[in-house]
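This is what each chain is made of:
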There are 2 protein chains.
Amino acid sequence: MMAAQQPTFKALADPTRREILRQLADADMTIAQVSNNFDMTRAAVKKHLTVLSDGGLITVRTKGRERINALNPEGFAPVRDWLGFFEQFWDDRLTDLKTAIEKDHSND
Amino acid sequence: MMAAQQPTFKALADPTRREILRQLADADMTIAQVSNNFDMTRAAVKKHLTVLSDGGLITVRTKGRERINALNPEGFAPVRDWLGFFEQFWDDRLTDLKTAIEKDHSND
DNA sequence: TTGACGTAATACCAAATGGTTTCATATATA
DNA sequence: TATATATGAAACCATTTGGTATTACGTCAA
């Protein structure tokens with residue numbers, strides 16, 4: 001389990017790729033459909049899709065001569081986990097702070 | 001409000017920078033302290049810290065001739081928001097699916 | 001005030017990145 | 001079968017990135 005997070009974060013570093021993900025939330029799309037929404041060549045978009053696929057953020061299924069790209073919810077797990085580490089860390093610190101304050105007030 | 005997310009995601013794309021963040025969770029550190037934990041020059045670490053600062057993920061305070069680097073919880077908001085969009089999206093889709101199933105079963 | 005220390009700033013380099021163009025391959029369709 | 005369509009793949013290019021080394025600057029302490 002516990003997929004490597006590097007390919008995921010690498011994939012998310014480019015604004016075009018994040019925009020592609022946002023658009024795939026609306027509908028699954030072929031490479032041609034995705035590239036219609038961007039001012040760059042189909043080849044460039046294809047490269048971005050490859051990076052997204054390597055990062056596990058999308059899945060690709062073949063339908064005849066078309067490749068249909070779709071979001072892969074599981075691929076977002078590395079980001080969830082990474083963020084979770086820090087959120088948990090801050091939660092714990094807040095809890096510790098509260099505990100310390102209560103302890104202090106017990107001296108009133 | 002609503003900080004630009006590009007500098008944030010850019011900052012998170014490098015494994016060294018994510019490791020620096022993890023270490024800053026344990027304790028605030030000067031540049032020299034951070035660079036002691038990595039097999040690269042202080043100058044290289046300093047560049048990473050600059051990128052992290054540009055991304056809003058850390059804050060730097062001056063204490064004499066030292067610069068103390070610390071995590072900035074607010075800087076994580078772009079990631080929280082970005083992830084939240086997709087989580088919300090999937091939640092809604094799941095809810096819609098459940099509703100559709102219930103509706104279908106009402107024909108029994 | 002004079003070093004020593006912590007950091008900033010710059011120039012430089014190799015490799016990665018994001019784009020292009022061109023050509024090849026596989027599948028639909030007339 | 002012949003042609004159009006959808007994609008894959010490779011070569012190429014400019015810019016960015018992540019590292020280095022070197023030098024300069026501010027601050028502490030003897």
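- You'll find chain A entered in an unreviewed UniProt entry as ArsR family transcriptional regulator, with Litoreibacter meonggei given as the organism.

## Looking at the relation of the copies chain A and chain B
Then, number 1: For the pair chain A and chain B, the relating rotation is 180°, the translation along its axis is 0.1 Å, and the fit reaches an RMSD of 0.1 Å. Here the symmetry operator amounts to a two-fold rotation axis. When each C-alpha of chain A is compared by its distance to the rotation axis, A13 of chain A comes out closest, at 2.9 Å.

## Topic: the protein's contact with DNA strand D
Then, number 1: Near DNA strand D, the surroundings consist of 19 residues, among which K46 of chain A together with K10, T41, K47 and H48 of chain B are the closest.
Then, number 2: Close to the protein, within 4 Å, the atoms of DNA strand D belong to sugar or phosphate groups at a rate of 67%.
Then, number 3: One of the backbone nitrogen or oxygen atoms of I31 of chain A is found 3.3 Å away from a phosphate oxygen of DNA strand D.
Then, number 4: For the surface near DNA strand D, the secondary structure elements donating two or more residues are α3 (31-36), α4 (42-54) and β3 (66-71) of chain A together with α4 (42-54) of chain B.
Then, number 5: It is α4 of chain B that contributes the most residues to the surface near DNA strand D, four residues altogether.
Then, number 6: Broken down by class, the residue content of the surface near DNA strand D amounts to five nonpolar, four polar and ten charged.

## Structural notes on the packing of helix α2 (residues 15-26) of chain A against α4 of chain A
Residues and elements named next belong to chain A.
Then, number 1: At a closest axis distance of 10 Å, the pairing of α2 and α4 adopts a crossing angle of 75°. In terms of orientation, α2 and α4 fall into the roughly perpendicular class. Counting all contacts with α2, which are made through T16, R17, I20 and L21, the residues of α4 involved are H48, L49, V51 and L52.
Then, number 2: For the contact of α2 with α4, the class distribution of residues is five nonpolar, two polar and one charged.

## Topic: the interface of chain A and chain B
How big an interface is tends to be expressed through the accessible area that disappears when the partners come together.
Then, number 1: With 24 residues of chain A in contact, the opposing surface of chain B contributes 24 residues.
Then, number 2: Summed over both sides, the interface between chain A and chain B buries roughly 2,400 Å², with carbon and sulfur atoms accounting for 74% of that surface.
Then, number 3: On inspection of chain A and its partner chain B, the count reaches two salt bridges.
Then, number 4: Viewed at the interface, chain B and chain A are joined by six residue pairs in polar contact (both at pLDDT 80 or more).
Then, number 5: Looking at the side of chain A that touches chain B, the elements that each hand over two or more residues are α1 (6-12), α2 and α5 (77-105) of chain A.
Then, number 6: Ranked by the residues each element gives to the side of chain A that touches chain B, the list is headed by α5 of chain A, at nine residues.

## Considering the packing of α2 of chain A against helix α5 (residues 77-105) of chain B
Then, number 1: For the pair α2 of chain A and α5 of chain B, interaxial distance at closest approach is 11 Å and the crossing angle is 15°. On the basis of their axis angle, the class for α2 of chain A and α5 of chain B is roughly parallel. Crossing handedness for the pair α2 of chain A and α5 of chain B: left-handed. Residue-level contacts link R18, L21, R22 and A25 of chain A of α2 of chain A to W82, F85, F86 and F89 of chain B of α5 of chain B.

## Examining a nonpolar patch on the surface
Then, number 1: The grouping of L94, L97 and I101 of chain A at the surface amounts to a nonpolar patch, some 270 Å² of accessible area in total.
Then, number 2: By the element assignment, L94 of chain A lies in helix α5.

## Considering the protein's contact with DNA strand C
Then, number 1: Around DNA strand C lies a shell of 19 residues, among which K10, K47 and H48 of chain A together with K46 and R67 of chain B are the nearest.
Then, number 2: Each atom of DNA strand C within 4 Å of the protein was assigned to sugar, phosphate or base; sugar and phosphate come to 73%.
Then, number 3: Here I31 of chain B contributes a backbone N or O atom positioned 3.4 Å from a phosphate oxygen of DNA strand C.
Then, number 4: Between DNA strand C and A32 of chain B, the relevant distance is 3.0 Å, taken from a phosphate oxygen to a main-chain nitrogen or oxygen of the residue.
Then, number 5: When contributions to the surface near DNA strand C are tallied by element, the ones reaching two or more residues are α4 of chain A together with α3 (31-36), α4 and β3 (66-71) of chain B.
Then, number 6: Looking at the surface near DNA strand C, the element that brings in the most residues is α4 of chain A, giving four residues.
Then, number 7: Counted by class, the surface near DNA strand C contains five nonpolar, four polar and ten charged residues.

## Quick look at the layout of surface pockets
Then, number 1: Considering only enclosed or pocket space, the largest pocket measures out at about 320 Å³ in volume.
Then, number 2: Broken down by secondary-structure element, the contributors of at least two residues to the lining of the largest pocket are α5 of chain A together with α2 (15-26) of chain B.
Then, number 3: Here the lining of the largest pocket is composed, by residue class, of nine nonpolar, five polar and five charged.
Then, number 4: Of the volumes computed, that of the second largest pocket is approximately 240 Å³.
Then, number 5: As for the second largest pocket, its lining consists of 14 residues, and the residues nearest its centre are M2, Q5, P78, D81 and W82 of chain B.
Then, number 6: Broken down by secondary-structure element, the contributors of at least two residues to the lining of the second largest pocket are α2 of chain A together with α5 of chain B.
Then, number 7: It is α5 of chain B that provides the largest number of residues to the lining of the second largest pocket, a total of six residues.

What counts, and at which threshold
Residues numbered from 1 in each chain as written. Chains lettered and ligands numbered in written order. Predicted model: local features only at pLDDT ≥ 70, side-chain atom pairs only at ≥ 80, totals over all residues. Heavy atoms only, no water. Least-squares fit on C-alpha atoms with pLDDT ≥ 70 in both. Near = heavy atom within 4 Å. Polar contact = N/O pair within 3.5 Å; in protein donor to acceptor, adjacent residues only side chain to side chain. Helix = DSSP H or I, 4+ residues; strand = E, 2+ residues; numbered from the N terminus. Nonpolar A, V, L, I, M, F, W, Y, C, P; charged D, E, K, R; others polar. Axes fitted to C-alpha atoms, helices over the stretch in contact; angles between N-to-C directions. Parallel < 35°, antiparallel > 145°, perpendicular 65-115°, else oblique. Contact = heavy atoms within 4.5 Å. Buried area = accessible area lost by both parts, 1.4 Å probe. Salt bridge = Lys/Arg side-chain N within 4 Å of Asp/Glu carboxyl O. Left-handed = near helix turned anticlockwise from the far one by under 90°. Patch = residues over 30% accessible without salt bridge, like charges linked within 9 Å, V, L, I, M, F, W, Y side chains within 5 Å. Areas by Shrake-Rupley, 256 points an atom, 1.4 Å probe, with all protein chains shown as cover. 1 Å grid on protein atoms, 1.4 Å probe; cavity = no way out; pocket = protein on both sides within 12 Å on 5 of 7 lines; lining within 4 Å. Points joined across faces, edges and corners; volume = space filled by probe spheres on them.

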